[in-house]
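So you can see what is in the structure, the chains are spelled out below.
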Amino acid sequence: MMAEYSALSLLANALKGNKDWKPAWRKPDPKASYDVIIIGGGGHGLSTAYYLAKEHGITNVAVLEKGWLGSGNVGRNTTAVRSNYLLPANTRFYEHSMKLWENLSHDLNYNVMFSQRGCLNLAHTPAQFDDYARRGNAMRHLGVDAELMTTAQIKRLIPALDVSDSARFPVVGGLMQRRAGTARHDAVAWGYARGADRRGVDIIENCEVTGFLRDGDRITGVTTSRGDIRAKKVAVSVAGSTGRVMRLAGIETMPIESHVLQAFVTESLKPFIDTVVTFGMGHFYLSQSDKGGLVYGGDIDGYNSYAQRGNLPVVDEVMSEMLALFPGLARVRMLRSWGGVCDMSMDGSPIITTGPLPGMYLNCGWCYGGFKATPASGWCFAWTIAKDEPHDLNASFTLDRFHRGLVIDDKGQGATPRLH
Amino acid sequence: MKILTCPMNGPRNIDEFQSFGPVRAEPDPDRTADADWSRHLFRAENRKGIVVEWWRHVPSNYFFLAERDLVTNEVLRTFDASERWAHP
Ligand SMILES: Cc1cc2nc3c(=O)[nH]c(=O)nc-3n(C[C@H](O)[C@H](O)[C@H](O)COP(=O)(O)OP(=O)(O)OC[C@H]3O[C@@H](n4cnc5c(N)ncnc54)[C@H](O)[C@@H]3O)c2cc1C
């Protein structure tokens, strides 16, 4: 089969005045029933649909999205992709994601602009540097690349970074994952959407799930703003709306809280930094987009929130953290800031599981780091839905782990979602 | 600057405050069943709407309650905890 997008198709369409391009996905009306309904057309819902069709041959599938594709966090994130975790359950899962990223543009025949420009965690105390050495060793033990960098090496890599002794928090070294990087978030949503659509999946926008159809305990479909739709299996993948949607199914509490994370972008600059860098004395990270804008962010707002915009104290804090690292950016103008509602879990790790009700499947708890998980999350969730049991890679990401003392707390913060 | 009115210290910059999340009834750890205790620790209602939360004015280490709309971020009311529970 000839790829839909190629140099040849680009040329042919250019010669024909670009009139023959097909829309990347159809706009079908919902059918009365499907084998699988996926609630939520974010990155994870779309990738789940794609892998259900591609890996498991299940194509009678609908993705129901209450807004438009990309209106959730998949279109709001800062696109950092990495697999530099400490605990094996996370490392294996995110490394699987990394491997899928490495071939994703090819697999989807859609340029997701995955750029392995590296991700450097800065250490500001010897103890923190030791801790990074431990995490780096844990990563390498599982076959993931990691390397410690000295201050002199960091200075060469990022000339604009203040590594002097007079810096507010002097840099003593860092942990680099070279295979980490960034990707174009919209392209990820659109690429998965087109890949799923071309395999027969119905992507239905402006279709809000308002309730569940049930037969006793069993979930048999959903009620939506566009009518009732039945399904043998209903998969929930709604990130920041998890609590609300689960409540529609009568589940009143979840190990999840909703918090707002903000992000910022500056005016375009000439090439300034060619890696992703994270601050070690607070929550701050920065990279440069292909357009030239510096894309950066910090911590969540500090209190539970469903407002898709952020508060000023965090803006203040993020800006001062940026200037502590890059004093030279003091006069750069910020263009935009925005916020997204994140599904912060009690241990900072996700949930990809069957249940909790018969006929239901659940994917949530991505905190502010679920963009990098998009390929593996969809891949594992599709497996779980198709086979009614988890893959090895998501077997630890259960809902009942909290009650069984099997939390996966990479940062060792305890059951306080806003600290993860 | 956003202002939060502390019941003890009056209107202050919100920077001076820290949120401790929605108020939840704590079961008696000595009497409650394990399942209920872990539900208390690990499960949240996570309501979209108006909630009553614990806040602390950090410089004075004073804990109080605030009623806040989680959708608009508007603080509707702040009050001393004794309004809700009589001091023992
Ligand atoms: C500012 C910011 C920066 C971030 N930066 C990074 C980063 O650098 N790296 C990283 O790995 N992660 C990052 N993240 C996290 C990442 O974006 C999320 O974890 C991830 O996108 C969540 O999965 P998703 O794409 O499926 O979510 P979403 O795109 O939010 O998808 C959920 C969808 O469900 C829909 N929905 C909700 N309720 C209903 C309903 N009742 N019926 C139908 N549809 C419904 C929503 O409209 C939404 O489209 C960031 C997040 C934010 C907010």
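Sequence order as written defines residue numbering, which begins from 1 separately in each chain. Each chain gets a letter, beginning with A, and each ligand a number, beginning with 1, in the order they are written. Reporting in this predicted model follows two pLDDT cut-offs: at least 70 for local features of residues, and 80 or more for side-chain atom pairs to be given and counted; totals over whole chains, interfaces and linings ignore these cut-offs and use all residues. Heavy atoms throughout the structure, all of them, feed into the side-chain values; hydrogens and water do not.

1. What to know about the overall build of chain B
Next up, step 1: Runs of E in the DSSP output that reach at least two residues are strands. Runs of H or I that reach at least four are helices, and both are numbered from the N terminus. Scanning chain B from terminus to terminus reveals one helix and six strands.
Next up, step 2: Listing each helix as α and each strand as β along chain B from the N terminus yields β-β-β-α-β-β-β.
Next up, step 3: With respect to the three principal axes, the spread of C-alpha positions in chain B is 45 × 35 × 20 Å.
Next up, step 4: Any residue under 20% of the maximum accessible area for its type is buried, any over 50% is exposed, and the rest in between are partly exposed; the area is computed with a 1.4 Å probe on protein chains only. The buried share among the 88 residues of chain B stands at 36%.
Next up, step 5: Any pair of residues with heavy atoms lying within 4.5 Å of one another is described as a contacting pair. Pairs at least 24 residues apart make up 41% of the contacts formed inside chain B by residues separated by at least 6 positions.
Next up, step 6: As presented, chain B carries roughly 5400 Å² of accessible surface, and 50% of it is formed by carbon and sulfur atoms. Under the convention used here, a 1.4 Å probe and the Shrake-Rupley method define accessible areas, while residue burial counts only the protein chains that appear.

2. Side note on the confidence of the model for chain B
Next up, step 1: Think of pLDDT as the predictor's per-residue confidence, scored from 0 to 100. Here chain B averages 91 in pLDDT, and 95% of its residues register 70 or above.
Next up, step 2: What the predictor reports for the complex is a pTM of 0.95 with an ipTM of 0.90.

3. Here we look at the domain arrangement of chain A
Residue and element names in this part refer to chain A.
Next up, step 1: Those domain boundaries reflect an automatic or database domain assignment. Domain annotation for chain A reports domain 1 (31-83 + 86-109 + 185-255 + 347-419) and domain 2 (119-181 + 257-345).
Next up, step 2: Distance between the C-alpha centres of domain 1 and domain 2: 27 Å.
Next up, step 3: Every contact between the two is made by 32 residues of domain 1 and, on the other side, 33 residues of domain 2.
Next up, step 4: Two parts placed together each lose some accessible area; with a 1.4 Å probe, that loss summed over both constitutes the buried area. Across the domain 1/domain 2 interface, buried area totals approximately 2800 Å², and carbon plus sulfur atoms make up 56% of it.
Next up, step 5: Whenever Lys or Arg places a side-chain nitrogen within 4 Å of a carboxyl oxygen from Asp or Glu, that contact is recorded as a salt bridge. Our enumeration of links across domain 1 and domain 2 arrives at two salt bridges.
Next up, step 6: Between R179 and E95 there is a salt bridge, with its nearest N and O atoms 2.8 Å apart.
Next up, step 7: Counting of polar contacts relies on pairs of N or O atoms within 3.5 Å, with two restrictions inside protein: one atom must be capable of donating a hydrogen and the other of accepting it, and residues adjacent in sequence are counted only when both atoms are side-chain atoms. Here domain 1 is connected to domain 2 by 16 residue pairs in polar contact (both at pLDDT 80 or more).

4. Notes on the site of the ligand
Residues and elements named next belong to chain A.
Next up, step 1: In the vicinity of the ligand, 37 residues are found, and the nearest of them are E65, N73, V74, T78 and K372.
Next up, step 2: Contacts to the ligand include H44, whose backbone N or O atom sits 3.1 Å from an oxygen atom.
Next up, step 3: Relative to its free-state accessible area of 1000 Å², the ligand is covered by the protein chains to the extent of 96%.
Next up, step 4: Within the residue set of the shell around the ligand, elements represented by two or more residues are α2 (43-56), β12 (256-268) and β16 (334-345).
Next up, step 5: The element that contributes the greatest number of residues to the shell around the ligand is β12, accounting for three residues. Residues are labelled near a given molecule or strand when at least one of their non-hydrogen atoms is within 4 Å of it.

5. A word on helix α9 (residues 312-325) of chain A
All names here are of chain A.
Next up, step 1: By this rule the span expected of a helix is its residue count minus one, scaled by 1.5 Å. Helix length check: α9, at 14 residues, gives a terminal C-alpha distance of 20 Å against a target of 20 Å (1.5 Å per residue), a fit within 8%.
Next up, step 2: Contacts made by the buried residues of α9 are with β4 (119-123), β12, β14 (285-288), β15 (293-304) and β16.
Next up, step 3: In this structure N311 caps α9, since a side-chain oxygen of it lies 3.3 Å from the backbone nitrogen of V314.

6. Some thoughts on the side chain of S258 of chain A
Next up, step 1: Position of S258 of chain A among the secondary structure elements: in strand β12.
Next up, step 2: For S258 of chain A, a relative accessible area of 1% puts it in the buried group.
Next up, step 3: If we skip the residues at most four places from it in the chain, S258 of chain A touches G240, N304, S305, Y306, V341 and C342 of chain A together with N46 of chain B.

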